Amino acid sequence: MIVDPDFLTHFKTLDLVDMLEDSNAAIYVIRLWAHCQNRRTTMVPANPTRLKSLCQWKGDADEFMTAMLEAGFVDRTDDPETLSVHEWATYNARLVANWTNGGKGGRYPKANPTSTQRQPTGNPR
């Protein structure tokens, strides 16, 4: 998973810290991203209690979900049962591509020559 170097000081992270009044708020986002990587998904249930559990927030579930939405770490989708983790697939495009390619058997083998030449060629001019 890709985490930008400025993640801890990014305005969205700082907004979440302020809204939750918790200096460890960045950890909750990383837990959410880890869930995405481990489960190979960018979608999470739009259930406040489930989101609270995924991120291991100890406070009020509704407050946490509201803060995550307002800070921009999750987005509502057309499906009222599901939230999308904001731009996670874009930042982790290589990882998502590897999931897809892995289902197809992975990378194609490189074409190696079936035999070698007997005598070395001369130096190029």
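Reading guide: rules and limits
- Residues numbered from 1 in each chain as written.
- Predicted model: local features only at pLDDT ≥ 70, side-chain atom pairs only at ≥ 80, totals over all residues.
- Heavy atoms only, no water.
- Buried < 20%, exposed > 50% of the residue type's maximum accessible area, 1.4 Å probe, protein only.
- Helix = DSSP H or I, 4+ residues; strand = E, 2+ residues; numbered from the N terminus.
- Pairing = 2+ DSSP bridges.
- Phe/Tyr/Trp six-rings, centres within 6.5 Å; stacked < 30°, edge-to-face > 60°.
- Lys NZ or Arg CZ within 6 Å of the ring centre and 35° of its normal.
- Axes fitted to C-alpha atoms, helices over the stretch in contact; angles between N-to-C directions.
- Parallel < 35°, antiparallel > 145°, perpendicular 65-115°, else oblique.
- Contact = heavy atoms within 4.5 Å.
- Nonpolar A, V, L, I, M, F, W, Y, C, P; charged D, E, K, R; others polar.
- Core = buried A, V, L, I, M, F, W, Y, C linked by side-chain atoms within 4.5 Å.

(A) Local environment of the pairing of strand S3 (residues 82-85). The alternating pattern of S3 places Thr82 and Ser84 and Leu83 and Val85 on opposite faces, both of which are buried. Pairing of strand S1 (residues 43-45) with S3, which is carried by three bridges, proceeds in the antiparallel orientation. Opposite methionine 43, over in S3, you have serine 84 as the bridge partner. Looking at chain direction, strand S2 (residues 74-76) and S3 are connected through three bridges and run antiparallel. For aspartate 75, the partnering residue across the bridge sits in S3 and is serine 84. In sequence, S2 turns back onto S3 through a hairpin of five residues.

(B) Molecular detail of unusual backbone geometry. Residues other than glycine seldom take positive phi values, yet glutamate 21 does so here, at roughly 50°. Mapped onto the elements, glutamate 21 comes out in the loop between helix H1 (11-20) and helix H2 (25-39). For glutamate 21, a relative accessible area of 75% corresponds to the exposed category.

(C) The packing of aromatic side chains, seen in detail. Under the counting rule described, the total for this entry stands at six aromatic pairs. With centroids separated by 6.4 Å and ring planes inclined at 75°, the aromatic side chains of phenylalanine 7 and phenylalanine 73 adopt a geometry described as edge-to-face. Separated by 66 residues along the polypeptide, phenylalanine 7 in the segment before H1 and phenylalanine 73 in the loop between helix H4 (61-71) and S2 bring together distant segments of the chain. Take phenylalanine 7: its relative accessible area is 6%, and that puts it in the buried class. With relative accessibility at 4%, the residue phenylalanine 73 sits in the buried group. Residues tryptophan 33 and phenylalanine 73 carry aromatic rings whose centres are separated by 6.4 Å and whose planes lie at 65° to one another, so their mutual orientation is edge-to-face. Here the residue tryptophan 33 occupies a position in helix H2, and phenylalanine 73 occupies one in the loop between H4 and S2, the gap between them amounting to 40 residues. Among the aromatic side chains, those forming a connected cluster through ring pairs are Phe7, Trp33 and Phe73. Above the ring of phenylalanine 73, the side-chain terminus of lysine 12 is found at 5.0 Å from the ring centroid.

(D) Local environment of the packing of H2 against helix H3 (residues 48-55). Contact geometry of H2 with H3 gives a least axis separation of 8 Å together with a crossing angle of 95°. The orientation of H2 relative to H3 falls into the category roughly perpendicular. Contacts between H2 and H3 involve Tyr28, Arg31, Leu32 and His35 from the former and Leu51, Leu54 and Cys55 from the latter. In terms of residue class, the contact of H2 with H3 is made up of five nonpolar, one polar and one charged.

(E) Structural detail: the nonpolar core. By size, the foremost hydrophobic cluster in this structure holds 27 residues, and its most contacted members are Leu16, Leu20, Leu32, Leu51, Phe64, Met68 and Phe73. Residue assignment for this core shows that the elements contributing at least two residues are H1, H2, H3, H4 and S3. For this core, the leading source of residues is H2, giving seven residues. Filtering out sequence-adjacent residues up to four positions away, phenylalanine 73 remains in contact with Phe7, Lys12, Thr13, Leu16, Val29, Leu32, Trp33, Met68, Ser84, Val85 and His86.

Taken by themselves, the reported measurements are silent on function.
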